[in-house]
Amino acid sequence: MADIFVNKAPKELAVIPFYATAAVFFLLLSLLLCFSARELTGHYFNPHILAIVHTAALGWGTMIIFGAAYQLLPVICEQELFSTRLAFLSYLLLTAGSIGLIVCFWIFDTGWAMIVSGSAVVLSSYLYAFNIYKTANDTNRSQIHQNFLLISAFWLCFTTTVGLLLTINLSYNFIPRNHLDILKLHAHAGIAGWFLQLICGVGAKLIPMFLLGKSKRNWLLHTALILQNLGLIAFLADGYFNPMHVRMYFYALLVFLGTLCWLLYIIDAYRHRARKKADTLMRHTLISLVAQGLAFGVIPIMLSNHQTKWTALYGTLIFLGWITGIILGKTFKTLPFIVWNKRYKNLNGTAKIPMPKHLYNENLIQYQYYAYIGTIVLTCLGIVVDHRLTIQTAAILWIVIALVYGYNVFRIVFHKTTIDYGNKAE
Amino acid sequence: MEIKLNNPYAQEELKAQVALMQVIDPELNVNIVDLGLVYGVDFSTEGQIIVRMTLSTPHCPMGDAIEQGVLNVLRQTFPDRTPSIQLVWEPEWNFNMISEAGKEQLNLL
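All of these numbers come straight from a predicted model, not from anything done at the bench.

Some words on the overall build of chain A
Right, on to step 1. Along the backbone of chain A there are 12 helices and 0 strands.
Right, on to step 2. Secondary structure elements of chain A, listed N to C terminal, follow the sequence α-α-α-α-α-α-α-α-α-α-α-α.
Right, on to step 3. Relative to its length of 426 residues, chain A is compact, with a C-alpha radius of gyration of 21 Å against a globular reference of 22 Å.
Right, on to step 4. Buried residues in chain A amount to 60% of all 426 residues.
Right, on to step 5. Of all intrachain contacts in chain A linking residues separated by at least 6 positions in sequence, the fraction that spans at least 24 positions is 83%.
Right, on to step 6. Of the accessible surface of chain A, which amounts to about 17,500 Å², a share of 66% is contributed by carbon and sulfur atoms.
Right, on to step 7. Each charge class in chain A can be summarised by its mean position, and for the 31 positive and 15 negative side chains these summaries are 6 Å apart.

What follows is the structure, encoded as structure tokens:
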């Protein structure tokens, strides 16, 4: 029986490059924010804003999610990752594609370089989806978390494909609809299909695990998955053929209700938890969920008020609030374990060895947490009152957070085995 | 892990329990005996030790690190015996299996 779970942890190559590269992209994101602070509240179809959004969505969010998914799926499926090579290839393509797209958007070069970069991202997303599908497909057990991961992978492929078509459309106009309308569909397939459903699936597994909590209300997760997809499909279908309409509220409401079901599941697990005190990393997740709720709250304002700052606020709450919040917390709940497993697994019990939480500086996590709350509040405030200096100050604080986060990530990645046999350390 | 003093292997079991307390669950940072993961240690087969244990969750990513720790400490403590692990899911592990000391370390009290 013991061999059922042995060696199911994926190889480092399928995980660590993603975390390390994402930390660099996070720093790049904060630098770009700093350079473009005065443009942040303007129209989103602006070269610098497009570059910033793609840095956040691809280089930061998607990069780290790929790594986390390759690490967690074998655990969820009790099955080894189908292919480490494909995982690494997806990393190379995503990194090259993201850099290419960011540069092309920044200088607004809509030629072949942008199309080739977009193609690399599309190929990377297909490789990811194939790897996820083959890993999940090999197991006899079907869990709701797996379904979230698989469906979100589909939406990722959809999003990147539409994105590629949009980049081609910039050079060779062939899409019979308004480019900006399709851009909205592309963005929301990514937000509500890829990020939301992935985070819901992984969160439903990890949050109860970290809290030592349990919920038996799995039906809430099934309902969440159905409502989120119904709302998104209806939005995409209606949005392709018709301009933005009051019906969009209804589709957003469906997605919101789905997310609410997921949240009720998490609350139920939280109520039935053994670990009463939430640590700083779990509090990061809480702030992230508040940002997600606020983003939903901004949707009606955004639909009824055409000031571009509301779209900027919505995007900020999504990428810097919700996605960044959950990543800042969850990184140190996942990355140290894979590094520790590699360095210390075979030494467990033989000598005094550090635990995964000793691989990074815990004190810095406290500073990171408070700095993150202050900075996201300041960023949102700066956008709402449209105050350039406030946004600029917040952007500088994002750089500080990215440096603190990056320091801890690289401290883990480059950790060297230290063994204490009593009197001397090796 | 319950040790009956009238068991002919009670002394070995006690020694094994102390050894197994050196194995720490890397996620929870508490030893596996206080977590209640060890259900029993069987010395009745000559030259062998069979540890009957569970994990906090069937998807525990640290599962093989814990198993390796168990084998390491038992090999060190009983060099003349070969340890092996029988991983079981019945009874299913729950928070009530954590000892008072374990609960204190986890801030569950």
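Moving on from the model shown.
Things to note about the nonpolar core
Residues and elements named next belong to chain A.
Right, on to step 1. One finds Tyr128 and Tyr405 to be the most contacted residues of the largest nonpolar core, which totals 179 residues.
Right, on to step 2. Ranked by the residues each element gives to this core, the list is headed by helix α10 (residues 308-344), at 20 residues.
Right, on to step 3. Not counting the four nearest positions on each side in its chain, Tyr405 is found in contact with Ala23, Phe26, Trp60, Ile64, Ile327, Leu328, Thr331, Phe332 and Gln368.

Some details on the interface of chain A and chain B
Right, on to step 1. The interface of chain A with chain B comprises 32 residues on the first partner and 33 residues on the second.
Right, on to step 2. Across the interface of chain A and chain B, roughly 2,800 Å² is buried in total on both sides, 60% from carbon and sulfur atoms.
Right, on to step 3. Taken together, the connections running from chain A to chain B amount to 2 salt bridges.
Right, on to step 4. Lys345 of chain A is the partner of Asp64 of chain B in a salt bridge, and the nearest nitrogen-oxygen pair spans 3.4 Å.

Description of a nonpolar patch on the surface
Residues and elements named next belong to chain A.
Right, on to step 1. Taken together, Phe250, Leu253, Phe256, Leu257, Leu260, Leu264 and Ile267 make up a surface patch of nonpolar side chains, about 570 Å² in accessible area.
Right, on to step 2. Residue position: Leu253 is located in helix α8 (residues 247-271).
Right, on to step 3. A residue is classified by how much of its surface remains accessible, and Leu253, at 41% relative accessible area, is partly exposed.

A look at the sheet that holds strand β5 (residues 82-87) of chain B
All names here are of chain B.
Right, on to step 1. If you trace the 3 strands from one edge of the open sheet to the other, you get β3-β4-β5, paired in mixed fashion. The sheet terminates laterally at β3 (38-42) and β5, the two strands that pair on one side only. Strand after strand, the sheet turns through a mean of 20 degrees between neighbouring axes, direction not considered.
Right, on to step 2. Set on the sheet, helix α2 (residues 63-77) makes contact with β4 (48-53) and β5; between it and β5 the angle comes to about 150 degrees.

Thoughts on the packing of helix α1 (residues 16-35) of chain A against helix α3 (residues 84-107) of chain A
All names here are of chain A.
Right, on to step 1. The interhelical angle for the contact between α1 and α3, taken along N-to-C directions, is 10 degrees, at an axis separation of 11 Å. In terms of axis orientation, α1 runs roughly parallel to α3. Taking contact as the criterion, the partners of Pro17, Phe18, Thr21, Phe25, Leu28, Leu32 and Phe35 in α1 are, on α3, Ala87, Phe88, Ser90, Tyr91, Thr95, Ser98, Ile99, Ile102 and Trp106.
Right, on to step 2. Within the contact of α1 with α3, the residues separate by chemical class into 12 nonpolar, 4 polar and no charged.

Description of unusual backbone geometry
Right, on to step 1. The omega torsion of the bond from Glu90 of chain B to Pro91 of chain B falls at -5 degrees, within 30 degrees of zero and hence cis.
Right, on to step 2. Along the chain, Pro91 of chain B turns up in the loop between β5 and α3 (100-105).
Right, on to step 3. Of note, the phi angle at Phe108 of chain A is positive, near 50 degrees, even though the residue is not glycine.
Right, on to step 4. Tracing the sequence through the fold places Phe108 of chain A in the loop between α3 and α4 (112-137).
Right, on to step 5. By relative accessible area, Phe108 of chain A is classed as partly exposed at 32%.
Right, on to step 6. A positive phi is found at Asp386 of chain A, a non-glycine position, where the angle reads about 55 degrees.

Details of the side chain of Asn229 of chain A
Right, on to step 1. Positionally, Asn229 of chain A belongs in helix α7 (residues 218-241).
Right, on to step 2. With near-sequence residues (within four places) excluded, Asn229 of chain A lies in contact with Ile151, Trp155 and Gln197 of chain A.

Overview of the pattern of salt bridges
Right, on to step 1. A complete count under the given rule lists 5 salt bridges over all chains for this structure.
Right, on to step 2. For Lys214 of chain A, the salt bridge is made with Glu92 of chain B, and the minimal N-O distance between the two is 3.4 Å. Highlighted residues: Lys214 of chain A in the loop between α6 (179-211) and α7 and Glu92 of chain B in the loop between β5 and α3, drawn from two different chains.
Right, on to step 3. The class of Lys214 of chain A is partly exposed, set by a relative accessible area of 46%.
Right, on to step 4. Since its relative accessible area comes to 53%, Glu92 of chain B is described here as exposed.

Thoughts on the confidence of the model for chain A
Right, on to step 1. For chain A, mean pLDDT is 88; residues scoring 70 or higher make up 95% of the total.
Right, on to step 2. Contacts for the low-pLDDT stretch residues 1-7 of chain A, under 50 throughout, to residues beyond four places or in other chains number 17 contacts.

Thoughts on the state of the cysteines
Residue and element names in this part refer to chain A.
Right, on to step 1. Applying the stated criterion to the full structure yields 0 disulfides over all chains.
Right, on to step 2. The cysteine Cys380 is free of any disulfide, with Cys34 supplying the nearest cysteine sulfur at 17 Å.
Right, on to step 3. In this structure Cys380 comes out as buried when scored by relative accessible area, which is 13%.

Details of the pairing of β3 of chain B
Residue and element names in this part refer to chain B.
Right, on to step 1. Most of β3 is tucked away: 4 of the 5 residues are buried.
Right, on to step 2. Where β3 meets β4, 4 bridges bridge the pair, whose relative direction is antiparallel. Its bridge partner lying in β4, Val38 is registered against Met53.
Right, on to step 3. Hairpin connection between β3 and β4: a loop of 5 residues separates the two successive antiparallel strands, and Gly47 in this loop has a positive phi of roughly 80 degrees.

Cut-offs applied
- Residues numbered from 1 in each chain as written.
- Chains lettered and ligands numbered in written order.
- Predicted model: local features only at pLDDT ≥ 70, side-chain atom pairs only at ≥ 80, totals over all residues.
- Heavy atoms only, no water.
- Helix = DSSP H or I, 4+ residues; strand = E, 2+ residues; numbered from the N terminus.
- Rg over C-alpha atoms; globule rule 2.2 N^0.38 Å.
- Buried < 20%, exposed > 50% of the residue type's maximum accessible area, 1.4 Å probe, protein only.
- Contact = heavy atoms within 4.5 Å.
- Areas by Shrake-Rupley, 256 points an atom, 1.4 Å probe, with all protein chains shown as cover.
- Lys, Arg positive; Asp, Glu negative; His and termini not counted.
- Charge placed at Lys NZ, Arg CZ, Asp CG, Glu CD.
- Core = buried A, V, L, I, M, F, W, Y, C linked by side-chain atoms within 4.5 Å.
- Buried area = accessible area lost by both parts, 1.4 Å probe.
- Salt bridge = Lys/Arg side-chain N within 4 Å of Asp/Glu carboxyl O.
- Patch = residues over 30% accessible without salt bridge, like charges linked within 9 Å, V, L, I, M, F, W, Y side chains within 5 Å.
- Pairing = 2+ DSSP bridges.
- Axes fitted to C-alpha atoms, helices over the stretch in contact; angles between N-to-C directions.
- Parallel < 35°, antiparallel > 145°, perpendicular 65-115°, else oblique.
- Nonpolar A, V, L, I, M, F, W, Y, C, P; charged D, E, K, R; others polar.
- pLDDT = per-residue confidence, 0-100.
- Disulfide = S-S within 2.5 Å.

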